[in-house]
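Residue-level structural notes
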Amino acid sequence: MIRVLDTTLRDGEQTPGVSLTPDEKLQIAKALDRLGVDVIEAGFPITSKGEQEGVRLVAKAGLRAEVCGLARAEKLDIDTAASCGVSSVHVFLASSDIHLEHKLHMSREEMLKKCAEAVRYAKSLGMKVEFSAEDATRTDLEFFKQVVRAVSDAGIDRFDIPDTVGTATPEKITTYVNAARSVSQVMISMHCHNDYGLAVANSIAGVLAGAGQAHLTINGIGERAGNTSLEEFVVACHNLYGLTTGINPQLLFETSRIVSRLTGVVVQPNKAIVGENAFGHESGIHTHGILSNPFTYEPFDPSDVGRTRWLQAGKHAGRHGVAAQLRGMGLRPKEEHLRLIVDKVKELGDLGHTITDGDLYQIATSIMGGGYAESRLVELEGLEVVTGIKRLPTATVKLLVRGHLHEATDVGTGPVDAALNAIEKIFSNLETIRLTDYKLEALSGSSDAVADVTVKVEDDSGNYASGRGMKKDIVVASVEAIVASINALLAKKADSTPVPAGVAQDRELQSSSGV
Ligand code: MN
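Note that the structure is a prediction, hence the values are computed from the model and not measured.

Here's the deal with the sheet that holds strand β13 (residues 404-411)
Spatially, 3 strands are ordered β11-β12-β13 in an open sheet, and the strand pairing comes out antiparallel. What marks the edges here is a single partner per strand, and that holds for β11 (378-386) and β13. The mean inter-strand angle of the sheet, taken between neighbouring strand axes irrespective of direction, is 15°. Note: β11 against strand β12 (residues 394-401), 8 bridges, orientation antiparallel. Its bridge partner lying in β12, G382 is registered against K398.

Examining empty space enclosed by the protein
Using a probe with the size of a water molecule, rolled over the atoms, empty space left in the structure can be pinpointed. Inspection of the entire model under this criterion finds 3 cavities of 30 Å³ or more. If you add up the space inside the largest cavity, you get close to 60 Å³. The wall of the largest cavity is formed by L420, I423, E424, F427, I433, R434, L435, V457, I482 and I486. Those elements that place two or more of their residues in the lining of the largest cavity are α15 (415-428), β14 (434-442) and α16 (474-494). Sorting elements by how many residues they give to the lining of the largest cavity places α15 first, with 4 residues. Tallied by class, the residues present in the lining of the largest cavity amount to 8 nonpolar, no polar and 2 charged.

A few points about the coordination of the manganese ion
Within the first shell, the manganese ion binds the protein through D11 (OD), H191 (NE2) and H193 (NE2), at distances of 2.0 to 2.3 Å. Counting the intervening residues between successive donors of the manganese ion yields the motif D-x179-H-x1-H. In this pair, D11 sits in the loop between β1 (3-6) and α1 (22-35) while H191 sits in strand β7 (residues 187-192), placing the two residues 180 residues apart along the sequence. When its relative accessible area of 2% is taken as the criterion, D11 is described as buried.

Examining the packing of helix α5 (residues 108-124) against helix α6 (residues 141-153)
Running from N to C, α5 and α6 cross one another at 25°; their axes reach a closest spacing of 9 Å. By the criterion of interaxial angle, the relationship of α5 to α6 is roughly parallel. In this structure, the crossing between α5 and α6 has a hand that is right-handed. Facing α5, whose interface residues are R108, M111, L112, C115, A116 and V119, α6 presents F143, Q146, V147, A150 and V151. Within the contact of α5 with α6, the residues separate by chemical class into 9 nonpolar, 1 polar and 1 charged.

Observations regarding helix α8 (residues 199-208)
In an α-helix, one turn spans 3.6 residues; hence positions three or four apart end up facing the same way. The buried count for α8 comes to 8 of 10 residues, which makes it a mostly enclosed element. Where α8 is concerned, the buried positions are A199, V200, N202, S203, I204, A205, G206 and V207. Considering only its buried residues, α8 is in contact with β6 (158-163), α7 (170-183), β7 and α9 (230-240). Just downstream of α8, G210 is the residue with a positive phi angle, here 120°.

Topic: the domain arrangement of the protein
Accessible area lost upon the coming together of the parts serves often as the stated size of an interface. Along its sequence, the protein is organised into domain 1 (3-263), domain 2 (280-374) and domain 3 (378-494). Computed over C-alpha atoms only, the centres of domain 1 and domain 3 are separated by 43 Å.

What about the pattern of salt bridges?
Counting across every chain of the model gives 30 salt bridges. A salt bridge links R10 to E41; the nearest nitrogen and oxygen atoms lie 3.0 Å apart. One end of the pair, R10, is in the loop between β1 and α1; the other, E41, is in strand β2 (residues 39-43), with 31 residues separating them in the sequence. Where K344 meets E347, a salt bridge forms, and the shortest distance between an N and an O atom there is 3.8 Å.

Some thoughts on the packing of α1 against helix α2 (residues 49-59)
For the pair α1 and α2, the least separation of the axes is 8 Å and the interaxial angle reads 30°. When you trace α1 past α2, the crossing you get is right-handed. Counted together, P22, D23, K25, L26 and A29 of α1 and G50, E51, E53, G54, L57 and V58 of α2 form the full contact between these two elements.

Notes on the nonpolar core
Among the nonpolar cores identified, the biggest contains 90 residues, and I40, F131, F159, I161 and L230 are the most heavily contacted of them. When residues of this core are assigned to their parent elements, the largest contribution, 7 residues, is made by α5. Ignoring sequence-local partners within four residues, the contact set of I40 consists of D6, L9, A29, L32, D33, V58, L63, A65, E66, V67 and C68. Counting 51 residues, the second largest nonpolar core, distinct from the first, contains A313, V345, A418 and A488.

What to know about the packing of aromatic side chains
In this structure the tally under the stated criterion is 6 aromatic pairs. Between F144 and Y176 the ring centres are 5.0 Å apart and the planes differ by 70°, which places this aromatic pair in the edge-to-face class. With a gap of 32 residues between them, F144 in helix α6 and Y176 in helix α7 connect regions that are remote in the sequence. According to the relative accessible area criterion, F144 is buried, its value standing at 0%. Counting every residue linked through ring pairs, the aromatic cluster contains F131, F144, F159 and Y176. A cation over an aromatic ring shows up here: K75 above the ring of Y121, its NZ or CZ 4.9 Å from the ring centre. For the cation-ring pair, R307 lies above F253, with the distance from its terminal atom to the ring centre recorded as 4.1 Å.

Basis of the calculations
- The residue numbers shown here count from 1 along each chain, following its written sequence.
- Side-chain atom pairs in this predicted model are given and counted only at pLDDT of 80 or more, local residue features only at pLDDT of at least 70, and totals for whole chains, interfaces and linings cover all residues.
- Side-chain measures here rest on the full set of heavy atoms in the structure, leaving out hydrogens and waters.
- A pair of strands counts as paired when DSSP detects no fewer than two bridges linking them.
- Under the scheme used here, helices are H or I runs from DSSP no shorter than 4 residues and strands are E runs no shorter than 2 residues, and both carry numbers assigned from the N terminus.
- Lines fitted to the C-alpha atoms define the axes, with helices restricted to the stretch that makes contact. Angles between their N-to-C directions range from 0 to 180 degrees.
- Put plainly, a pocket is an open set of points on a 1 Å grid over the protein atoms alone with protein on both sides within 12 Å along at least five of seven lines, a cavity is a set where a 1.4 Å probe fits but cannot get out, and a lining residue has an atom within 4 Å of a point.
- Grid points are joined across faces, edges and corners, and a volume is the space filled by probe spheres set on the points.
- Three classes are used, and their members are as follows: Ala, Val, Leu, Ile, Met, Phe, Trp, Tyr, Cys and Pro are nonpolar, Asp, Glu, Lys and Arg are charged, and the others, Gly among them, are polar.
- Each metal's donors are the N, O and S atoms within 2.8 Å of it, or within 3.2 Å when it is Na, K or Ca, and because water is not part of the set, sites may look incomplete.
- Residue burial is assigned from relative accessible area. The probe radius is 1.4 Å, only protein chains are included, and a residue is buried under 20% of its type maximum, exposed over 50%, and partly exposed in between.
- Throughout, the term roughly parallel applies to angles under 35 degrees, roughly antiparallel to angles over 145, roughly perpendicular to angles from 65 to 115, and oblique to all others.
- Helix crossings get a hand from a simple test, with the near helix turned counterclockwise from the far one by less than a right angle marking a left-handed crossing and a clockwise turn marking a right-handed one.
- Contacts are assigned to residue pairs that have any heavy atoms within 4.5 Å of one another.
- Just so you know, the domain bounds were taken from an automatic or database domain assignment.
- For this document, the term salt bridge refers to a Lys or Arg side-chain nitrogen within 4 Å of an Asp or Glu carboxyl oxygen.
- We call a set of buried Ala, Val, Leu, Ile, Met, Phe, Trp, Tyr and Cys residues a nonpolar core when their side-chain atoms join them within 4.5 Å.
- Here a Phe, Tyr or Trp ring, Trp counted by its six-membered ring, pairs with any other such ring whose centre lies within 6.5 Å, and the pair is stacked when the planes are under 30 degrees apart, edge-to-face when over 60, and tilted otherwise.
- Distance and angle both matter: a charge sits over a ring if NZ of Lys or CZ of Arg is within 6 Å of the ring centre and within 35 degrees of the ring normal.

This is the structure we're talking about:
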């Protein structure tokens, strides 16, 4: 069983532009604990008072995981970490000649002495000690062994090999792990960076060579190109190498979302495991294959990692995929209608349009006609916005939801935010619906440009739907996009259940006006 040290709250927080409040640290730490990490590196206490408060909050939260604090090989750093109540301290001192000469101005002999002293001091305070030879992979191999020996003799519990600037290869990592193991019995840990995109491969090489622990971050966040991505490492270990960890993979997506939301670092859509597109399919050939047997075009079942597969209509779409997507919305078009729907989808796809769920729902229901065209569950009944300098932007939204009129007023950082808050307010009493994505494009360079707004909404069960609004008024376009996506989401949730009667008090089609 490979131990997982999660450093999202330390190296992850060193991502440029990321700064977490103590309470945000605690929220993430709780999510990591649920996920099943063995160690939470909660921060670098010496850096600030707020950091100390955050680390202290995490250390005192009664979590199952070991809570660790980072410290330079200095008494004050170690004391500060200890004062936060952590059960282990991660002490580091660089061992490469470039760091010794140009950063520390220290000889190799001084380094050996200093790291052993620091380890002995930390041990004397009753904490577990993990020692990192910073920039280990650019350290002379013979000297590296001397460092491992020195800190092992001083009583460390774990020895970490950081590939600080991400320049190692899997072969090189194997060499360093073997070297460390040739001179010490302590558990070896891997800390890899992704500067060449090799962090996961390097960490796996480390554990295959005998390292018992890996330093990982959620979504791979961290300094520069980031650290080894926890979700990628864990799933590859489990599925491809038959290695086990204490991580519950089904919580990976949820944890990824929490970290992305609190750090503000968006996950790239094509990211393995947790990226939006990781289990999405558009091409007709792929969706056809997926529908007859998902393993034709999927590496494993998305639900293994807490996700759901989705199909997207577009110019590459085929009849099977579109029909399946519509079935998911409770629509079963006749063959001749399906053909027309697919033609329309391809026509729009050829024009470069993304077909949102709301668009597809709109296209299908208008082609299918009959009662379908009036089956939208949510209608925009009214929208008023007040904004200006020196006043809080305020919006009042009226929605007809399943035939009942709801009205809410809310404020926001701007008129769009205020309108979206008002909509969320209406739905907070009805359903759990959250806005997860908002994208705005102006379709020409002038001030009367058409605003093209695409949004994504999500419910608590992980269902989501996209929608679009196109209007010259950016607030109206935003609200229409939300309404379109909520309609598609509710249709998905209702699935094949009959559309409730009495919802159809339609006027002109107000949403998805772009199609
Ligand atoms: Mn690092």
